[in-house]
Amino acid sequence: AQSVAQPEDQVNVAEGNPLTVKCTYSVSGNPYLFWYVQYPNRGLQFLLKYITGDNLVKGSYGFEAEFNKSQTSFHLKKPSALVSDSALYFCAVRDSGNTPLVFGKGTRLSVIA
Amino acid sequence: EAGVAQSPRYKIIEKRQSVAFWCNPISGHATLYWYQQILGQGPKLLIQFQNNGVVDDSQLPKDRFSAERLKGVDSTLKIQPAKLEDSAVYLCASRQPPGQGKDNEQFFGPGTRLTVL
């Protein structure tokens, strides 16, 4: 069975500094990995995904994530944080079949001006 | 392209009452999902449809929850009777058939926030 761990409930970072939101996963077979962002009273918005190919994937709003197979990680990163990046971030995984996403519990990112 | 539509956006009911949520997926999306997101947790799958057939309902509390997608387009999720622990956001998502563009992405609606008193 697939599972996702987001070890940090909260990440605080100063505006302009780099940010990292951590995610590790467990899946049988090849992983399909995703990051979603959730703003208050809004649905989940897709940020980026890794399916195959280059381990560094770039997504919306300047975010990127690095797939590390040996560490089974898919950490979300951004070189320079903005106050508007403050939100709830979810990592999700599924296998290559027609299976639904399994989500982590989420990490709340707070960017302080 | 219109997104996934859900209604109502908010619902407050008392325990033991019934409630129904509606979802209209993106046009052409064969796969539809209902997720439950309890405050402070990630979304948890309740049921997955492929067209009008159920693919996975293993985590659906079938004694009180039911869902249908009769014509393979929009879907309803019902809770009868509701319990306090059903207070959550209910998210609907849809996905394109395999081989069609962004078939790996799930697109989410805004959710229905249910409060059971």
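Draft legend 1. Structural detail: the packing of aromatic side chains. For the structure on display, the rule yields 14 aromatic pairs over all chains. Taking the centre distance of 5.3 Å and the plane angle of 80° together, the rings of Tyr 36 of chain A and Phe 108 of chain B count as edge-to-face. Within this pair, whereas Tyr 36 of chain A is found in strand β5 (residues 32-38), its partner Phe 108 of chain B is found in strand β10 (residues 107-108), the two belonging to separate chains. Each ring, one from Phe 90 of chain A and one from Phe 103 of chain A, has its centre 6.3 Å from the other, and the planes form 85°; the classification is edge-to-face. Note that Phe 90 of chain A is positioned in strand β10 (residues 87-94) and Phe 103 of chain A in strand β11 (residues 102-103), a separation of 13 residues in sequence. Exposure remark for Phe 90 of chain A: the relative accessible area of 0% places this residue in the buried category. Since its relative accessible area comes to 9%, Phe 103 of chain A is described here as buried.

Draft legend 2. Structural view of the state of the cysteines. All names here are of chain A. Summed over all chains, the structure comprises two disulfides over all chains. With a sulfur-sulfur separation of 2.0 Å, Cys 23 is cross-linked through a disulfide to Cys 91. Disulfide Cys 23 to Cys 91: torsion about the S-S bond roughly -65°, handedness left-handed. Separated by 68 residues along the polypeptide, Cys 23 in the loop between β3 (19-21) and β4 (24-26) and Cys 91 in strand β10 bring together distant segments of the chain. Given a relative accessible area of 0%, Cys 23 falls into the buried group. Taking the relative accessible area as the measure of exposure, Cys 91 reaches 0% and is therefore buried.

Draft legend 3. Highlighting the interface of chain A and chain B. Opposite the 21 residues of chain A that make contact, chain B presents 23 residues. Around 1600 Å² of area is buried between chain A and chain B when both sides are counted, 46% of it from carbon and sulfur atoms. Considering only the side of chain A, the residues that lose the most area to chain B are Asn 41, Asn 98 and Pro 100 of chain A, jointly responsible for 31% of the buried surface there. Ionic pairing is found between Lys 49 of chain A and Glu 105 of chain B, a salt bridge with its closest N-O pair at 3.6 Å. One can count four residue pairs in polar contact (both at pLDDT 80 or more) joining chain A with chain B. Breaking the side of chain A that touches chain B down by element, the ones donating at least two residues are β5, β6 (44-50) and β10 of chain A. Sorting elements by how many residues they give to the side of chain A that touches chain B places β5 of chain A first, with four residues. For the side of chain A that touches chain B, the per-class residue count stands at 10 nonpolar, seven polar and four charged.

Cut-off values and rules
- Throughout this description, residue numbers start from 1 for each chain and increase along the sequence as written.
- For this description, chains carry letters from A and ligands carry numbers from 1, given in the order in which they are written.
- In keeping with the model being predicted, local features are shown solely for residues with a pLDDT of at least 70 and side-chain atom pairs are shown and tallied solely at 80 or more, while totals for entire chains, interfaces and linings include all residues.
- Side-chain measures were taken over the full set of non-hydrogen atoms in the model, leaving aside hydrogen atoms and water.
- Stacked, edge-to-face and tilted are the three classes for Phe, Tyr and Trp ring pairs, Trp counted by its six-membered ring, which pair at centre distances within 6.5 Å; planes under 30 degrees apart are stacked, over 60 edge-to-face, the rest tilted.
- Strands are runs of DSSP state E lasting at least 2 residues, helices are runs of H or I lasting at least 4, and numbering of each runs from the N terminus.
- Think of it in three bands: residues with accessible area under 20% of the maximum for their type are buried, residues over 50% are exposed, and the middle band is partly exposed, with areas taken using a 1.4 Å probe on protein chains only.
- When two cysteine sulfur atoms are found within 2.5 Å, that pair is recorded as a disulfide.
- Residue contacts follow a heavy-atom distance rule, with two residues in contact if any of their heavy atoms lie within 4.5 Å.
- The term buried area refers to how much accessible surface (probe radius 1.4 Å) is lost by two components on association, counted for both of them together.
- Here a salt bridge means any side-chain nitrogen of Lys or Arg lying within 4 Å of a carboxyl oxygen belonging to Asp or Glu.
- N or O atoms closer than or at 3.5 Å make up a polar contact, with two conditions inside protein: a donor-capable atom paired with an acceptor-capable one, and, for residues adjacent in sequence, both atoms drawn from side chains.
- Lys, Arg, Asp and Glu make up the charged group, whereas Ala, Val, Leu, Ile, Met, Phe, Trp, Tyr, Cys and Pro make up the nonpolar group; the residues left over, Gly among them, are polar.

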